[in-house]
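# Results of the structural survey
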Amino acid sequence: MKFGQEKMRSTISKILARELPHLDSVIVGDNSSGKTLMLKLFIEQVGGTGITV
């Protein structure tokens, strides 16, 4: 994984706050770059809040 969890949480916060340049932004990366972990953290943070992204 190239980025730490703090960077992932920061990116997730930006997604939720709609601060990315495009509403349909895509997270890309090499194998073992942490994309699956980021998705897991995103789901955990959003889960049960009623937020639609």
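Look above for the structure.
Turning next to helix α1 (residues 5-16). If you check α1, its first and last C-alpha atoms are 16 Å apart, about what twelve residues at 1.5 Å a residue would give, namely 16 Å. Along α1, the residues classified as buried are Met 8, Thr 11, Ile 12 and Ile 15. Along the axis of α1, the buried residues cluster in a sector spanning 100 degrees; they form a single face. Contact partners of the buried residues in α1: α2 (35-46). In the stretch just after α1, Arg 18 is the one whose phi turns positive, near 55 degrees.

Time to look at the pattern of salt bridges. Within this structure, the stated rule accounts for one salt bridge. With a closest N to O distance of 2.7 Å, Glu 44 and Lys 40 form a salt bridge. On the criterion of helical spacing, the pair formed by Glu 44 and Lys 40 is a turn pair, its members being four residues apart in helix α2. Assessed through its relative accessible area of 48%, Glu 44 is described here as partly exposed.

Cut-off values and rules
Residues numbered from 1 in each chain as written. Predicted model: local features only at pLDDT ≥ 70, side-chain atom pairs only at ≥ 80, totals over all residues. Heavy atoms only, no water. Helix = DSSP H or I, 4+ residues; strand = E, 2+ residues; numbered from the N terminus. Expected span 1.5 Å × (residues − 1). Buried < 20%, exposed > 50% of the residue type's maximum accessible area, 1.4 Å probe, protein only. Arc of directions from axis to C-beta. Contact = heavy atoms within 4.5 Å. Salt bridge = Lys/Arg side-chain N within 4 Å of Asp/Glu carboxyl O.

Shape is all these values report; function is a separate question.
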